Amino acid sequence: MGDDSEWMKLPIDQKCEHKVWKARLNGYEEALKLFQKIEDEKSPEWGKYLGLIKKFVTDSNAVAQLKGLEAALAFIENAHVAGKTTGEVVSGVVTKVFNQPKARAKELGMDICLMYIEIEKSEVVQDELLKGLDNKNPKIVVACIETLRKALSEFGSKIVTLKPVVKVLPKQFESREKAVRDESKLLAVEIYKWIRDALRPPLQNINSVQLKELEEEWVKLPPSPPKQTRFLRSQQDLKAKFEQQQAQGGEQSDGDEEEETAVAVDPYDLLEPVEILSKIPKDFYDKIEAKKWQERKEALEAVEALTKNPKLENGDYGDLVRALKKVVGKDANVMLVSMAAKCLAELASGLRKKFGTYAGQVVPTILEKFKEKKPQVVQSLQEAIDAIFLTTTLQNLSEDILGVMDNKNPSIKQQASLFLARSFRHCTQAMLPKSVLKPFCAALIKQVNDSALEVRDAAFEALGTAMKVVGEKAVNPFLADLDKLKLDKIKECADKVEFPGAKKGAAGGGLAAGDKKPAAKAPPAAEAPPKSSAPPKKSQTASASKPSAGPAKKGKPASAAGGKAKKTSDSKEITEAEISPEVCEELAAAVLPASCLQLLDSGNWKERLASMEEFQRAVETMDKAAMPCQALVRMLAKKPGWKETNFQVMQMKLHIVALVAQRGQFSKTSASVVLDGLVDKIGDVKCGGNAKSALTAIGETCSLPWTAEQVVSLAFAQKNPKNQAETLNWLANAMKEFGFAGINVKGFINNVKTALGATNPAVRTAAITLLGVMYLYMGQPLRMFFEDEKPALLAQIDAEFEKMQGQSPPAPIRSTKKTAAAAEEDGDEGGEQDEDGGAGQDIMDLLPRTDISDKITSDLVSKIGDKNWKIRKEGLDEAAAIISEAKFITPNIGELPLALKGRLTDSNKILVQQTLSILQQLATAMGPGLKQHVKALGFPVITVLGDSKVNLRTAAMATLQAWVEQTGMKDWLEGEDLSEELKRENPFLRQEVLGWLAEKLPTLRSVPGDLMVCVPQLFTCLEDRNADVRKKAQDALPTFMMHLGYDKMNKATGKLKPASKDQVVAMLEKARAVMPDKPAAPAKTGGKGSAEQSRAPSASRNGEDFTDKPEAKKVRGGGAAKKGPAGKKPATKGLKDDEDKSGPIFVLVPNAKEQRIKEEKQLKILKWNFITPRDEYVEQLKTQMATCFAKWLLDEVFHVDFQRQVKAIGVMIERLNSESEATISCLDLILKWITLRFFETNTTILMKVLEYLKLLFTMLNRENYHLTEYEANSFVPYLILKVGESKDVVRKDVRVILGMLCKVYPASKLFPFLMDGTKSKNSKQRAECLEELGCLIEGYGMNVCQPTPAKSLKEIAVHIGDRDTSVRNAALNTVVAVYNVCGDQVYKLIGNLSEKDMSMLEERIKRSAKKTPAAPAKQSTAEKTQREQPTNPNATFLRKPAQEDPGKLNQSRQNAHSDHPSIPKEFQLDLDMIEQDQRSVCELPDLVQHQLDELLEPVMIPEPKIRSISPHFDDLHSSTASTINFVISQVASGDIGTSIQALAQIDEVLRQEDKADVMSGHIDQLLIATIMQLRLINSTHLADDRVDKKDLIKLYSCIMGNMMSLFSMETLAREASIGVLKDLMHSLITLMLDSRVEDVEDGTQVIRSVNLLVIRVLEHSDQTNIFSALLVLLQDTLVSNAGSLKVSELVMKCLWRMIRFLPENINSLNLDRILLDVHNFMKVFPKEKLKQLKTDVPHRTLKTLCHTLCKLTGVKILDHLTMIENRNESELEAYLRRVVKHSGNLSGTKSDRGNEKSAHGTDERMSKAKVSDILSEIFKKIGSKENTKEGLTELYEYKQKYSDADLEPFLRNTSQFFQSYVERGLRVIESEREGKPRIQSSSVIPQHNVESSLSSSNEDLKPAVYYERLKILRQRQGLENTTRALSSEDEPPQRPAISSLLSSKPSVASSTDMLHSKLSQLKESRELYQQEHNARSGSPTRTRAASPATANLDDLKKRLERIKSKRQ
């Protein structure tokens, strides 16, 4: 008991964890009581038990566990935080409770699971229970199944997701345990209650006995669906409703719930998709084309077996569908047709919406095939077309269906109508708008009158079904012309219609089951064939979607194609027959007075006038029904008729025509009687007005479209220009009065073209005016008709269109006259008007379109798909030409879509771009009919957005936008296609698509529900690896939310991983705050088919229609920032001004700036570039600012009162910091607006603007923002204009701003702007710009001089001779600043100056030198920092490398090692900077993905312990080239360790073949850095005792290893240029001759490596470049007095080696270049001068080179002198001619390797005498002093070719010594050819290595020393062992030598020259460091400071020690 008392005192939560089970039991009991007492579900007390609940349920003691389960249940029921424990607790229940023997424990476990479901954790519970089904313990499995069943029974199928349960159910039926199988059976029965037959397919493969048992159980179930009896916490309202119904026994909602349940689960969703494409037999496509039907049948059977799978994996089924379609359409065997149709049906059922892409290809074929009579075939085709219908929409198929409705074959018409009837059953009222229904009804009405009974019956059934679906009221207007009998029949059919949905609910079947029933019923009705009547093909397209496009041309009823409802009387008029004159007179006599008729043709005009007056009175009083209109007008036409000469009579006659037309039932037959006469009088001065009135009256009664077409054709059949002009004027006016509905543009467009070409100006003017009116309605498409007109005429048309721009068409004041019967149906017509005048009307649909399908031939399609890209291009060109010629086309374009789709994935990107342009062309030509191609062609365009090339992505986006303009967004958002595209893990595609959606979604008022399918992909993109994708996804998030709602999207996060979910939910919360409002519905206009609506269907939320793109953006901008004033609704206008101004002044519009940049690049808007701002620039800026400036601020900044502008700037200053982000987002607009202010003369506003600019750039610097090129180009040039302002105060401020500008924009990019400023006529501006340039050079060094220092300095130096004193002084000061940076090099850079200017400059330089402090080491910190103004690190870093000054490497290196007098400034440390830097690590702004800051440390701080190196190449993700530049810059570092690490990294890259390519383009740069390092070692490290020589050897090894790797790769080695190779060879040869290296330990190994490297360089470099380099180097070493003779000797040996391999390399050489170098050499060293040299080897070398080239090329060598100027004066040409001539004479006796090769066959047949001659010649060469080696080589090659050659006769008479020499020489050559190592001894003397490896003899060899020489050859070493001719002290200083080389050989650039183009890359890293340092040490003032002179050695040592101590 003592123990008990101990734990009794513990708190409850501790008891629950106690090791004694009784304590735990007690704890659980108390916890249960506590949980039931706590009332607040959010009480902190609950938190204590969060971690314990799992222990409650998994207690090891059974008694305690029972109580723990009760307590856990109470916790879950009452605690708010209980949801957090779901996973662990349910898992514990499954594993530790469900296996307990006690039923109570199991029951409590189930209750816990159900309680978790009740608190909204159903998914987690379900997952754990499904995991439990895999447990080995059958008890657990049974309990899990039972829990799932119970959950489903209580919560229903909406809460418990059935798909995963159904998926695992079949497995449970296979269990060995009976209990598991029984429980599975109960679960299957429960599931069946909820989803009915949807459960059958997944269970079809279980044991047949079990399936039978299940069937028996299912039959017993009640037909009514079950109801949810337990509700989630969020469903309490449903719970209350349920309880109320239970109390009342309510049955009212049964129907609703039944319907809901039926829709809730689709069996298709429960199935796993099957992939069948890969399983199609390989020979299927061959077999399906086979001649034997049995083979075709086998192929179809194989496919049929695969397509039977109820759900198919998505893929490219195009080829399969085409094959099946071909069988259906063309196979003669009806059984195979039936099988193919069945396969298509199964494909459609298995793919569902994904089959929609192919629907348009198949449906026309199936409809045509309905001509088959056999019921079996018809049934298969019906099943196929019904299944296909469910994959697409009726609107997409309308074109094809209407196309067969007037087919001659009655079976086709009948089946098309029956298909429509079945399709209508699956539609809702919303799916059948009037625009879709109208053309169908028109066609069906024609079929109602068909002669074939079965066609009529099918039409009645279709109309009856339509009536049932949309209601009588909607269909009746289309049935106005039918008699009562037929109407009754339609209504009878409507009553019989049963919808598949009703059956579905009862039977529990899904859509797939429901489809086939109507199809099966169809054949009995299909006993007779069909006739149809659609409007002519031209009007089909229009009528399919637009109501008013139906009227056909000649005499067809306007109502037939769905115009306004008319009565039968109208129809009678239209078919009114012509009446004979006799009948006319009878009819007229019955209604007109006799006197009137008698006087009609009287000779007296007065009598005729009286007669007309009587006629008029009679007409005015006549009854409408009794008026014989045709008879009356024929009476008027009676002689003299329209030839009446008296104008009064004529006027009266015309007036009567108008009266008859207005008052009677005037037919087109009557109209045709009078129109000719009216047109004849329309141009009459006195009668024209009446004629026009009459025409208008006829237009009212016979429709304007018909009247207009007739009148215009009649007018242009005449030659009277007056009539033509007035006709066009009347038509223009009539269009305004009647509106544009139904006008057949193409009907009279040719006449308008004729008018435009008329000689009479009045006709031309009238035509242009008419076009202007038409433009109001049609917009830009109208211009397409006139694109081929003359430019002058086109300009006039454009001018007229420009006048109409922005105007709205007037509301119609007239319309076609209605009959009394039709007038009664005003309500219906109101609806129609709505449709006409609203969004339903599209002018594009009024254009008659050409059907180009017959031009899309199979040849064209095969061309487009050809293997040869040129033929593919031809095919595309042809397709483009066809579309271009047709202008406007129907949607039927044959197989072109499939052909074009293939080209969108073409490997040739040019063809992809061409295809995209064709698709854009297609969009314009096809108009709204494009919708049906969205799936097939539109989505492949989206795929192109994933291309890596920017130009392709831009073209694809332009195409996409063009398509969306025509199709709207609905089709793009329907289905899963868009989601599938976003699933592709392509960052380019994702960011483009998301950006596009973010732009488009805010403009839509509603979207299809399928948009929800894209949400999971959107969430994935929010966490994409690519930052751009993440940003675009975040931008798109609010636009998705505005349509789907926050709750839906939040719920969708449930499927994410917990970590992802938290992030995404946080983003959703942010997006919720900025979610835009949906745009308001567009305001209705009275006019029909308003052009504004047709061109811009989406209206802004202010109810305005924006027609141009900037305006459209304004809408989006407003939408995206709803909190800003710009986004408010018009109601905000009523607010007070001060309230209005309280909101943000700038609106942050996502991606707006990027869009503006893009538009300016694409030239969609004006580029901001002007001398003075014109109005269009100001207007453009206003428009752009409207989207992101508050309206009141916009008004203020453009106010005419400058004080208002000053106030506005004041507000902008106040809000600068609080709205910094928004300010940056519209910075480009702010800067542009400021440039406009620069052109004003008002000083007040100018000073205010400059004040704002100073604060703005401070803020930008603080925010680390850097100006873009776009912003800088539109601002900096105008700022520089103000630097020349006359007022000092302005100039001073501008200079300050320019200084600040360098912090946010690279100085090197500012430099060119200032250089442009120096060209100004304003002397003040020139002077200030020059001063500023000087400051930049002082602050940043010579690397700011762009494009090159030399070019810049020459331009600056020109100003030294300026007339203006201030300009002269400024120029001198700038040049002095350059002198301070680079010393005497400045004289070379500035070029030639006049004596006067040069003396001024020298005087100024002397004066400035006197002012320089004597001890630069004492230079103050402040002075030093003046030269270190920072630039934008990012921009400078990424800048394209600029040409640089050869004397400079980098400012940050300039003061290193100043204790050594010979070290150039490049390698000097800047100690002042280091002393200031108190930090141990130098950080750089993190502007690039990888860490680059540490790269600079080794250069700045020589201590090894702080050393760091650039990142490993493997870690690089971006800016690879820039990073390589940085690493290469380290190679030339003064710090050995840094250089070694950099070399190691480069070597690592070079050794990996797959990565080595990144070095391409950087080879010269790397070699220059290496050469500089070699020079640095030579001049500094070798002489410095403090440098550890082991480190030096290590550095040498790294360099050699690096170079060996580089020159092992020929592709990279060949990139080395001539100048660089020259300097490299010089450095390597100098190194070999350096005795100091040999004295160092392991130095000989280094020299051996150099020797190998030299050979590798000679072998693998570009042979032309290395030849040229060696020739130039030889020339330079011979010219230089200080040059070593040994150097030139080794160079010549290299040349001899190259000459030896000339035969192999001759074809790869650029002989022109080599001969130019030989020519230059001979110019510097003519023959006489060569002979004066100490040795004749150079002369012999040159001679041998020329001889060898002549032998190899013969006379052709003279054709390679093209690069030599003044060839005739060239010593070389004369020499070559001699050699060629000489070799020509000796051709019979001499031979060389080249000749041997080229004439191999001849050589083999040589006579013995000839062979003897050749060998004699070779042995002569071997015996001669000069050509020994050449002779040996020739002998070796001769032996290789003629192995059986006998040399004995030639060697017999020679000494043993000579024979041994020849033998040994041949062996040496053999070893060289086979690549054997030539260095074997460790005690190698360097020059011997080279000499031996180059295998040349350079000195006099007397017979006495031959034996000694043979011994040397045996050791593979040198020729002599003398001391070096040049010690290191004799070596000329590096820089002067290079300068001298530069001056002596202008034809070849050395590596030093190439610093112009390469070193700026290395310098950028230093500029970055300077910026960072300045950022830390504060902004320096911009005064000049002289550069320090050489520092005192002791002082430097002390300072270095100080730095070291600080670092430690």
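Along each chain, the written sequence defines residue order, and numbers are assigned to residues from 1. Only residues with pLDDT of 70 or above have their local features reported here, since the model is predicted, and side-chain atom pairs are shown and tallied only from 80 upward, although totals for entire chains, interfaces and linings are computed over all residues. Side-chain metrics in this entry use all non-hydrogen atoms of the structure; hydrogen atoms and water are not considered.

Chemist: Please clarify how the overall build of the protein should be interpreted in this entry.
Modeler: Helix and strand assignments follow DSSP, with helices taken as H or I runs no shorter than four residues and strands as E runs no shorter than two, numbered in order from the N terminus. Of the regular secondary structure elements, the protein holds 107 helices and 0 strands. Each residue gets one of three labels from its accessible area relative to the maximum for its type: buried under 20%, exposed over 50%, partly exposed in between, using a 1.4 Å probe on protein chains only. Taken over 2008 residues, the protein has a buried fraction of 55%. Residues count as neighbours in contact if any of their non-hydrogen atoms are within 4.5 Å of one another. Across the protein, every contact between residues at least 6 apart in sequence was considered, and the portion connecting residues at least 24 apart equals 76%. Here the protein has roughly 86500 Å² of accessible surface; of this, 50% comes from carbon and sulfur atoms. Here the Shrake-Rupley method, with its probe set to 1.4 Å, supplies the accessible areas, and only the displayed protein chains count as covering residues.

Chemist: Can you help me understand a positive patch on the surface in this one?
Modeler: Patch criteria: residues need more than 30% relative accessible area and no salt bridge. Like-charged residues are merged within 9 Å; nonpolar side chains of Val, Leu, Ile, Met, Phe, Trp and Tyr are merged within 5 Å. Salt bridges are defined by distance alone: a side-chain nitrogen of Lys or Arg within 4 Å of a carboxyl oxygen of Asp or Glu. Counting rule for charge: Lys and Arg are taken as positive, Asp and Glu as negative, and neither His nor the chain ends is counted. In plain terms, the charge of a residue is placed at NZ if it is Lys, CZ if Arg, CG if Asp and CD if Glu. There is a patch of like positive charges on the surface, built from Lys 1727, Lys 1731, Lys 1743 and Arg 1778. In this fold, Lys 1743 is placed in helix α95 (residues 1737–1753).

Chemist: Mind showing me how you'd approach the nonpolar core here?
Modeler: Nonpolar side chains tend to gather and get buried jointly when the protein is soluble and globular. Grouped together as the largest cluster of nonpolar side chains are 104 residues, with contacts concentrated most on Met 1559 and Phe 1607. Among the elements that make up this core, the one with the highest residue count is helix α85 (residues 1589–1608) (11 residues). Other than its neighbours up to four places away in sequence, Met 1559 contacts Ile 1524, Ile 1528, Ile 1546, Val 1549, Leu 1550, Leu 1566 and Leu 1612. Residues belong to a common nonpolar core when they are buried Ala, Val, Leu, Ile, Met, Phe, Trp, Tyr or Cys residues joined through side-chain atoms within 4.5 Å. Counting 101 residues, the second largest nonpolar core, distinct from the first, contains Ala 1208, Leu 1216, Leu 1227 and Leu 1314.

Chemist: Explanation requested: the side chain of Ser 1225 in the structure shown.
Modeler: Tracing the chain through its elements places Ser 1225 in helix α65 (residues 1220–1225). A 3.5 Å cut-off defines polar contacts: any pair of N or O atoms within that distance qualifies, except that in protein one atom must be a possible hydrogen donor and the other a possible acceptor, and neighbouring residues in sequence count only when both atoms are side-chain atoms. Polar contacts involving the side chain of Ser 1225 include one to the main-chain carbonyl oxygen of Ala 1222, which spans 2.7 Å. Filtering out sequence-adjacent residues up to four positions away, Ser 1225 remains in contact with Val 1147, Leu 1148, Lys 1153 and Arg 1156.

Chemist: Explain unusual backbone geometry here, please?
Modeler: As a rule of thumb, non-glycine residues mostly have phi less than zero, and peptide bonds are mostly trans rather than cis. Omega for the bond connecting Gln 1346 with Pro 1347 falls within 30 degrees of zero, at 0°, which places this linkage in the cis form. Summarising the element assignment, Pro 1347 is placed in the loop between α72 (1323–1340) and α73 (1349–1358). One non-glycine residue, Ser 703, adopts positive backbone phi at about 80°. Looking at where Ser 703 falls in the secondary structure, it is placed in the loop between α37 (688–702) and α38 (704–717).

Chemist: So what exactly am I meant to see when it comes to the packing of helix α7 (residues 103–118) against helix α8 (residues 122–132) here?
Modeler: All axes are obtained by fitting lines to C-alpha atoms, using only the stretch in contact for helices, and the reported angles, taken between N-to-C directions, cover 0 to 180 degrees. Look at α7 against α8: their axes get within 7 Å of each other, and the N-to-C directions meet at 145°. Facing α7, whose interface residues are Cys 113, Tyr 116 and Ile 117, α8 presents Ser 122, Val 125 and Leu 129. Under this grouping Gly is polar, as are all residues other than the nonpolar Ala, Val, Leu, Ile, Met, Phe, Trp, Tyr, Cys and Pro and the charged Asp, Glu, Lys and Arg. When the residues that make up the contact of α7 with α8 are grouped by side-chain class, the tally is 5 nonpolar, 1 polar and no charged.

Chemist: I tried to follow the packing of aromatic side chains on my own but got confused; where do I start?
Modeler: Any two rings among Phe, Tyr and Trp, with Trp reduced to its six-membered ring, count as a pair given centres within 6.5 Å; such a pair is stacked if its planes are under 30 degrees apart, edge-to-face if over 60, and tilted if neither. This model, assessed by the stated rule, comprises 25 aromatic pairs. On the numbers, 5.4 Å between centres and 35° between planes, the contact of Phe 35 with Trp 46 is tilted. Here Phe 35 is found in helix α3 (residues 21–37), whereas its partner Trp 46 is found in the loop between α3 and α4 (53–57), with 11 residues between them in sequence. As far as the burial class goes, Phe 35 and Trp 46 line up, both buried. Owing to a relative accessible area of 0%, Phe 35 belongs among the buried residues under this scheme. Among the aromatic residues, those joined into a ring-pair cluster are Tyr 28, Phe 35, Trp 46, Tyr 49, Phe 56 and Phe 75. Positioned above the aromatic ring of Phe 647 is the side chain of Lys 686, whose terminal nitrogen or guanidinium carbon lies 4.3 Å from the ring centre. The criterion is that NZ of a Lys, or CZ of an Arg, lies within 6 Å of the ring centre and within 35 degrees of the ring normal, and then a charge sits over that ring.

Chemist: In this structure, what is going on with the state of the cysteines? I would like to understand it.
Modeler: By disulfide we mean two sulfur atoms from cysteines, separated by a distance within 2.5 Å. As enumerated under the stated definition, the model contains 0 disulfides in all. As a non-bridged cysteine, Cys 144 has Cys 113 as the owner of its nearest cysteine sulfur, 7.7 Å distant. Cys 144 gets classed as buried once you look at its relative accessible area, which sits at 0%.

Chemist: Is there a simple way to explain helix α6 (residues 86–97) in this structure?
Modeler: Each α-helix winds once per 3.6 residues, and so residues spaced three or four apart point in a common direction. All of the buried residues in α6 are Thr 86, Val 89, Val 90, Gly 92, Val 93, Val 94 and Val 97. Buried residues in α6 make contact with α4, α5 (62–78), α7, α8 and α9 (138–155).

Chemist: Would you mind going over the pattern of salt bridges with me for this structure?
Modeler: Pairing is possible between side chains of opposite charge, provided their charged atoms come close. Applying the stated rule across the entire model yields 75 salt bridges. Its salt-bridge partner being Arg 1156, residue Asp 1228 comes within 2.8 Å of it at the nearest N-O pair. Residue Asp 1228 is located in helix α66 (residues 1227–1238), and its partner Arg 1156 is located in helix α61 (residues 1152–1161); the two are separated by 72 residues in the primary sequence. Judged by its relative accessible area of 6%, Arg 1156 is buried. When the shortest N-O distance is used, the salt bridge between Arg 1575 and Asp 1623 registers 3.4 Å. Taken together, the residues span a long stretch of sequence, with Arg 1575 in helix α84 (residues 1563–1581) and Asp 1623 in helix α87 (residues 1618–1632) at a distance of 48 residues. Here Arg 1575 matches Asp 1623 in class, with each residue buried. Salt bridges linked by common partners bring Asp 1288, Arg 1291, Arg 1295, Glu 1328 and Glu 1332 together as one network.

Chemist: I keep staring at helix α12 (residues 208–220) and nothing clicks. Help me out?
Modeler: Expected helix span is given by 1.5 Å per residue-to-residue step, counting one fewer step than there are residues. Helix length check: α12, at 13 residues, gives a terminal C-alpha distance of 19 Å against a target of 18 Å (1.5 Å per residue), a fit within 8%. The complete set of buried residues in α12 reads Gln 210, Leu 214 and Trp 218. Buried positions in α12, seen along its axis, are confined to an arc of 75° and lie on one side of it. What points out from α12, more than 90 degrees from its buried face, is the exposed set Ser 208, Val 209, Lys 212, Val 219 and Lys 220. In this fold, the buried residues of α12 make contact with α10 (162–173) and α11 (178–195). A distance of 2.7 Å separates the backbone nitrogen of Val 209 from a side-chain oxygen at the start of α12, and that oxygen is part of Asn 207. The arc in question is the one traced by the directions running from the helix axis out to the C-beta atoms.

Chemist: What should I look at first to understand the environment of Trp 605 in this one?
Modeler: Summarising the element assignment, Trp 605 is placed in helix α33 (residues 605–621). The class of Trp 605 is partly exposed, set by a relative accessible area of 32%. If we skip the residues at most four places from it in the chain, Trp 605 touches Asn 646, Gln 648 and Val 649.

Chemist: I'm lost on the side chain of Thr 1677 in this one. Help?
Modeler: Relative to the helices and strands, Thr 1677 is located in helix α90 (residues 1663–1679). Judged by relative accessible area, which is 8%, Thr 1677 ranks as buried. Reaching out from Thr 1677, the side chain makes a polar contact with the backbone oxygen of Leu 1674 at a distance of 2.9 Å.

Chemist: Looking at this model, I keep getting lost on the packing of α6 against α7. Mind explaining?
Modeler: The description of two helices packed together rests on the angle between their axes and the distance between the axes. Between α6 and α7, the shortest axis-to-axis distance is 10 Å and the interhelical angle comes to 160°. With respect to each other, α6 and α7 are oriented roughly antiparallel. Relative to α7, the crossing made by α6 is left-handed. Taking contact as the criterion, the partners of Thr 86, Val 89, Val 90, Val 93 and Val 97 in α6 are, on α7, Ala 105, Lys 106, Gly 109, Ile 112, Cys 113 and Tyr 116. Partitioned by chemical class, the residues of the contact of α6 with α7 number 8 nonpolar, 2 polar and 1 charged. Any angle that falls under 35 degrees is termed roughly parallel, while one over 145 is termed roughly antiparallel, one within 65 to 115 roughly perpendicular, and all others oblique. Each crossing is labelled by how the near helix is turned from the far one, with a counterclockwise turn of less than a right angle marking it left-handed and a clockwise turn marking it right-handed.

Chemist: How should I be thinking about the environment of Ala 332 in this particular structure?
Modeler: By secondary structure assignment, the location of Ala 332 is in the loop between α17 (318–330) and α18 (334–351). Considering only alpha carbons, one finds Ala 332 and Trp 293, 39 residues apart in sequence, at a separation of 9.2 Å.

Chemist: Please explain the confidence of the model for the protein as it appears in this structure.
Modeler: Should pLDDT be low for a region, the predicted coordinates there are not to be read in detail. As a per-residue measure, pLDDT tells how confident the predictor is, with possible values from 0 to 100. Per-residue pLDDT for the protein averages 74, and the proportion of residues at 70 or more is 75%. Within the protein, no element has a lower average pLDDT than helix α105 (residues 1934–1944), which sits at 35, and none a higher one than α9, at 91. Of the regions scoring below 50 in pLDDT, residues 1477–1518 engages in 111 contacts with residues more than four places distant in sequence or in other chains.

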